[in-house]
Structure formats: C-alpha cells, structure tokens
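# Tertiary structure, described
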Amino acid sequence: MDALDGVPRSVLGYPVKTRTQIVMTFLVPVIFELMVYIVLTTADILVTVEHFRNGNPSWGWFTLSLIWLPSLVCFCSIVSTPERWPEQIGCDKRTGLFLFHNIVILVFFPLAALYRFNRRIFWSVEALFHDKNSYGRVQSVAKIMETSPCELYHFLQAFLQAAPQMMLQLYILLRDGTFRNFDTVTVQVISIVFSFLTMATIITTFQRFESQKIVGRCYPWSTPEQTTTRRKELARATSTVESALVLHQTPSIAPEADPIVPNIMRNFYSRYGSEGESGSTSNSNVMPSSPRKTLNVDVINFDRQHSKAHHDPYVNFTDDDKLHVSDTLDSGEVKLRTTGRSVSFKLRDTIEELDEMDHYLRSTEDIRNMTDDSDDEYLKPDGFDAVPKKVAPPTPEAIGGVFHRVSVFRHMLLHNAEAFIKEKVPRLPEGMFDHSQPTGRSTSAEGKVQPADDQIDGDAISLPSRRQMIVGLEQDDMVGKAVLFVGWVMFLLMRMLSLSTFYVFFPLYFWMLVANHYLLMIACIVYEVRMHEKLERYFFYLFLAYMYVFSLLEFKIRFIHVRWWYIGYIGIVLLENVAMLVVWFNLGVFESWWFYFLHHTIIVSGVLSVMCFLFYYAFLRAKDKVLFVNDNP
C-alpha cells in the first residue's frame, strides 16, 4: 500500500508531486492548528484572569471550567474504553503506568497538545528530505499519521470549549457597560475570533468523515491495533475499480480476437521463422541449416494451373536465348514477357532458392506423405502449395464451436433468470441457487464425485454479474478545504452573532428556540439511524444533537440522504437566524451603533457562507470513491 494512500493527489484537477502533497496536507494545516491553539489557550487564560481582576469571579470560574472541560471528557473517554488498557487484567505495573500517564495528560493537557503538534511538524519536515517510495519517506509519513488521544481532545475542544466560550464572551460584550476596560475587551475579542477558527477547522476536517471512513479513513484517536485491523479488513474485503477491471475483463468472442489465433501464429513462426527476421531467432525451435532467403509470393502462386506455367524460367526460351542468358548469368537481371505478364528474377539466385526449397521440402515430415506431380526439378516447389492427399484432422477447438456458443448463451439466460427470481420472489429455500462448487463437480450422497455438465473453457465469454459495491468519498484537496473553511467561518459567525444578540433581548424565547432546534435534531438523527444503526448509542446522539445546534457533521452516523440533510439544515438555520434578526432589530430596545453593525454583519456573513458552500459544491467537492465488496474475502 502507498504511504500517501488517501491523501489527495491533485489540486484543482492537476496532479502534484509527493512533496507538495506532504506540505499541503500535513505541514501547513498542522502549523495553522498549532498557532490557533496557542493563541486560543493563552487568550482564554487571560480572559479568566481579567474576570477575577474585575471582580467577576462567577465569569472567571465559568471560563476556567470551559478550558478544562475537553481534557476531562477526553480522560473519561480513554479510561472507560477497555481496548486502551493493557492486556493483563488486574492492578500491575503496566496498569499503574497507563493510569499515571493519562492523569499527567489531564493535568498538563496544553503541553501534551503542543507535543502532538510539534511531533507532526517534525516528521512532516523530515519526510520532505527523503525520496519517493524510500524507506525514510514511508516511516516519516507513518509517524505523521500516527493516532493519538490528543486528537480526541482537539476535537472535543471545538464544541466543549470554543462554542460555549464564544456564546459567553459575546453575551458579556453585548451587555451594558462592557466597554469600560479596554484590556478585557481586547482579550475577549481575540478569544472569540480564534474560537471561530478552531470550530471551523474541526468542522472542515470532519465534515464528511463517515463517508470517508467507509473507504479507508480511520479515527485519528483510535489505537494502533484498531487502525491496523481496520485497514487490513478493508483491503481484504474490498477491491478498487481498477483491480476489478483487471481481474474481470470480458474476453471478446470475435474471430479476430480469438485467443487461439496468437498461439497458432506463435507456433508457426517458432517453427518456420517470421518474414521480418534475419538470421536465427531466439524463440525458434527448429534452426535453419543455412541463411534464409525470402521468396516473393504473389496471388498467382496460389493458382495451381497458372503457377505451373511459370515455374520453368526457360519454358519459352530458344536455344540462342538460353546461350545468351548463360553468358550473362552473372551480369544482371533478365526480364521476360510471357502471356502478357512480366517476370523479373536473377537466375542464379532463383536456382539457389529452388534448391533450398527442394532441400526443405524433403526434410519436412509433413511433406513425406505427399506425392509429386512431376519429376522436373523445377516443379518441385509446386508441392509447397499442393493440397495434401491425406485430410488433416480437425482441431479440438473447432469441434462443436456453434454448440459451445449456444451453451454459453444458455448459461447467460439461466443466470438472468436466477437473478430475477432472487429479486422478485421472497423467502426462497436455502441453497436453491447455490453454485459454490469451485471445481465444477458435485458430490452425491454416496460420496461419489459426479462430473459437472457444460464446462466452460477459457475461450468462453464471462457473464455479467451483480456485485455489491460501497460508495464513499475521497478527502478534499487544499483549495477545497480552504473554501469550505471560509464558508464555515462565515456560517458560524452568522449563527453565533444571531444567537448571542437574540439572547440579550429575549432570553426566554432564546431557550425555547434552542430547545426546539435540539429536539428537531434528535428526531432527525433517530429517523436517519433507524435502519442501519442501533439506538443503544443514544447518549452520544444527545451530544451529536448539541453539535447540530451550531453546525452539521456527518460523524458517527452516515447520512442516507446527504443532500436533503444539508439543504434542510442550512435552510432551517437561515430561517431561524432571519427570524431572530427581524425580531430583535424591530422589537429590541437599543441605542448603540454596535447593534447596527451586528445587523449588517449577520446578513453579509450569511450571504458569503451560502456562496462559499455553493461554489464548493459546484466546483471543488471531493469525488466519490467506489469499492467493490469481494465475494470471498
């Protein structure tokens, strides 16, 4: 498997080099995430300090709890997963080290996250110094793509820290008397901006994760054993379209494409040589005793009656002409006109060719059963085109050829009939259409092996068959991710400003609107997973519905109707935002220019987000990836 398998190999349809893939897929995004994480964590800590200094301990403790919440949830998730614990059950040294290691990460989570980011940056730079398909390049890419629990913390940070932190700080900023302390306002704005960037980064990364997961992508916080097992199972149970076409090519039944013809011609050339070769050939089974000379063959050579009249070059010569020809035998070419035909030859070469043909015909086994029509030495080559007296036996492939084709089409009709019955008739008896005998033989009850009827050889056409396939999604290239990232930044800006501003004026109606949206998302999730998921994961579905209050992710559940989900969700959110905007702008009591600015910002960000989504869907969305499910994995 390629080390960069799953990484986009092109940008805007143009193929890129492997170093460009590493830079645009690993190095640049990791550096950006590292910078955003550093600024966000620092700004949130400064906001907490400013709240305590300004005499607002409740806001300070609430902000501090939001900083620790993702790390605490990540610790609980890791400890409660049995696959992450050591294999030996009980309290031993390895168990103690595992628990101590995760407690240290819980306490010093910023350092653990920084170590994870810097480790990926180091191996990304290291991969650039190695050649393609080299051992160093493969090892470096493997280190970059290693899974880690810190990735789970980074995912939870977007929805357990960044999202509520934005809502809190925006509400504090929009209250009366907020702008008295310039330092507090500055760090709050920085925290809000980088919270937007954190959420947009996570949403862009995991936007269509479930569709990408079914064709090879793994959770970045899975254990190495789970990742290896998942990839091996996927490679064993599925095959790509290219490999399926190579393994299941349908041979043609046209005569010119018959696979027997190349074998016949190969055997002919191996025995008698080819017209274009000079000297001896390496693939020849019978080596000629002398250098070959090519005799030009015309249509007249295949006419037995006419060819006999032209085999003797002296047939129409007078004695004087023969003497004249014998004197000029070595001087050049002789051209004669006989019965309106032109014959051009060198006498000595022609006589040597006839002698060689005579020697060849006498030494060939197939010519021993043939009788010559004349004793004339110049008529010996006529036997080369003569019909053998003994009829040649028919080739095995020619026996029953028509019946063989009829048998093939009979199998095709039976196959189509079986497929129709399987599709239309419910509750068929088990084993009714079982053709699982790989050797083409069936075993009777007495243990005797019965030969199968109508064995199909290699010349038969392969019948069409229905194959189960899974359709996933490739990962986006750098340009697609950039446009999608900008779209989600604008969408989150519109959503958060709408909710925060509406809460300032109408807190009760705010909670009613959020509760109704939350219940609607739970209903949609239950409806979506009723066929292919179990409802025993309802605790996670409650958290997923909370995520859907701010954005939409195909995460942990795969959307059956993807377009309806995205069109419906964006339409509902736009409708809610417009309703909240109209209500607070017309019924709210405010005098500050700040609210007029927020009014225009919500409208512009909503229009830009919709334009980015439409542009991405029309031109930049990732292609579908089709995998065939192997029948016998």
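Residues numbered from 1 in each chain as written. Predicted model: local features only at pLDDT ≥ 70, side-chain atom pairs only at ≥ 80, totals over all residues. Heavy atoms only, no water.

### A closer look at the overall build of the protein
For the record, the criterion: Helix numbers and strand numbers start at the N terminus; a helix is a DSSP run of H or I with at least 4 residues, a strand a run of E with at least 2. A 1.4 Å probe rolled over the protein chains alone gives each residue an accessible area, and that area as a share of the maximum for its type sets the label: buried under 20%, exposed over 50%, partly exposed in between. Note on contacts: a residue pair qualifies if any of its non-hydrogen atoms lie within 4.5 Å across the two residues. Surface accessibility follows the Shrake-Rupley procedure with a 1.4 Å probe radius. Residue values consider only the protein chains on display as shielding.
Looking only at helices and strands, one finds 20 helices and 9 strands in the protein. Buried residues in the protein amount to 36% of all 633 residues. When contacts within the protein are restricted to residue pairs at least 6 apart in sequence, those whose partners lie at least 24 apart make up 70%. Accessible area for the protein stands at about 39,500 Å²; split by element, carbon and sulfur atoms hold 62% of it.

### Focus on helix H17 (residues 507-528)
Residues spaced three or four apart along an α-helix point in a common direction, a consequence of the helix completing one turn every 3.6 residues. Defined as follows: Expected span of a helix, by definition, is 1.5 Å for each gap between consecutive residues, and there is one gap fewer than residues. The arc in question is the one traced by the directions running from the helix axis out to the C-beta atoms.
For H17, built from 22 residues, the straight-helix expectation of 32 Å at 1.5 Å per residue is met to within 8% by its first-to-last C-alpha distance of 32 Å. Of the positions making up H17, those classed as buried are Phe510, Val514, His517, Met521, Ile525 and Glu528. Seen end-on, H17 carries its buried residues on one side only, within an arc spanning 75 degrees. Every exposed residue of H17 that faces more than 90 degrees away from the buried side is listed here: Leu508, Tyr509, Trp511, Asn516, Leu519 and Tyr527. Among the structural elements, helix H6 (149-174), helix H16 (478-505), helix H18 (538-547) and helix H19 (562-587) are those in contact with the buried residues of H17.

### Looking at the pattern of salt bridges
Pairing between side chains becomes possible if they bear opposite charge and their charged atoms approach one another. The line we're drawing: By definition here, a salt bridge exists when the distance from a side-chain nitrogen of Lys or Arg to a carboxyl oxygen of Asp or Glu is within 4 Å.
Tallying each qualifying case throughout the model produces 8 salt bridges. We note a salt bridge from arginine 119 to glutamate 146, for which the minimum N-O separation is 3.0 Å. Of this pair, arginine 119 sits in helix H4 (residues 109-128) while glutamate 146 sits in the loop between helix H5 (135-144) and H6; the two residues are 27 residues apart in sequence, bridging distant segments of the chain. Owing to a relative accessible area of 29%, glutamate 146 belongs among the partly exposed residues under this scheme. Across the pair arginine 495 and glutamate 576 runs a salt bridge, and its minimum N-O distance is 3.0 Å.

### With respect to the nonpolar core
Going by this rule: Within this scheme, the nonpolar core is defined by two criteria: the residues are buried Ala, Val, Leu, Ile, Met, Phe, Trp, Tyr or Cys, and they are joined through side-chain atoms within 4.5 Å.
Core analysis: the largest hydrophobic core is formed by 88 residues, its most contacted members being Phe155, Phe159, Met199, Met496, Ile525, Tyr548 and Trp584. Per-element tally for this core: the top contributor is H16, with 15 residues. Residues in contact with phenylalanine 155, not counting those within four places in the same chain, are Ile202, Phe206, Trp221, Met547, Leu553 and Phe555.

### Structural notes on the packing of H17 against H19
Stated precisely, the cut-off is as follows: All axes are obtained by fitting lines to C-alpha atoms, using only the stretch in contact for helices, and the reported angles, taken between N-to-C directions, cover 0 to 180 degrees. In this scheme, roughly parallel covers angles under 35 degrees and roughly antiparallel covers those over 145, while 65 to 115 is roughly perpendicular and the rest are oblique. Three categories are distinguished: nonpolar for Ala, Val, Leu, Ile, Met, Phe, Trp, Tyr, Cys and Pro, charged for Asp, Glu, Lys and Arg, and polar for the others, with Gly belonging to the last.
Put simply, H17 and H19 touch, their axes get as near as 12 Å, and they point 175 degrees apart. Relative to H19, H17 is oriented roughly antiparallel. Listed contacts from H19 to Leu513, His517, Leu520, Met521, Cys524, Ile525 and Glu528 of H17 are Trp565, Tyr569, Ile572, Val573, Glu576 and Met580. Its residues placed into classes, the contact of H17 with H19 shows 10 nonpolar, 1 polar and 2 charged.

### A look at the state of the cysteines
The line we're drawing: The term disulfide is used for any two cysteine sulfur atoms that are within 2.5 Å.
Evaluated as defined, the whole model comprises 0 disulfides. Here cysteine 74 is not disulfide-linked; the sulfur of cysteine 150 is the nearest cysteine sulfur, at 7.2 Å.

### A short note on the side chain of threonine 48
For threonine 48, the position within the fold is in helix H1 (residues 18-53). Overall, the relative accessible area of 7% leaves threonine 48 in the buried class.

### Remarks on unusual backbone geometry
A positive phi is found at lysine 556, a non-glycine position, where the angle reads about 70 degrees. Following the sequence through the fold, lysine 556 ends up in the loop between H18 and H19.

### Structural notes on the confidence of the model for the protein
What counts, and what does not: Confidence scores per residue from the predictor, reported as pLDDT, run from 0 to 100.
The pLDDT averaged across the protein works out to 74; a share of 63% of its residues lies at or above 70. Predicted confidence for residues 250-261 stays below pLDDT 50, and this span has 11 contacts to residues more than four positions away or in other chains. Note on residues 305-310: pLDDT under 50 across the span, and 12 contacts to partners over four residues away in sequence or across chains.

### Section: the packing of aromatic side chains
In plain terms, the rule: Ring geometry is summarised as follows: Phe, Tyr and Trp rings, the Trp one being its six-membered ring, pair when their centres sit within 6.5 Å, and such pairs are stacked at plane angles under 30 degrees, edge-to-face over 60 and tilted between the two. Look at NZ for Lys and CZ for Arg. If either is within 6 Å of the ring centre and within 35 degrees of the ring normal, a charge sits over the ring.
Counted according to the given criterion, the structure contains 46 aromatic pairs. For the ring pair tyrosine 219 and tryptophan 221, a centre distance of 5.7 Å and an interplane angle of 25 degrees mean the geometry is stacked. We note that tyrosine 219, like tryptophan 221, is buried. Centroid distance phenylalanine 491 to tyrosine 569: 6.4 Å. Interplanar angle 35 degrees. Geometry classified as tilted. Of the two residues, phenylalanine 491 is situated in helix H16 and tyrosine 569 in helix H19; the sequence distance between them amounts to 78 residues. Linked through ring pairs, Phe155, Phe159, Phe206, Phe209, Tyr219, Trp221, Phe540, Phe543, Tyr546, Phe550 and Phe555 together constitute an aromatic cluster. In this arrangement the basic side chain of arginine 217 is found over the ring face of phenylalanine 206, its NZ or CZ atom lying 5.7 Å from the centre.

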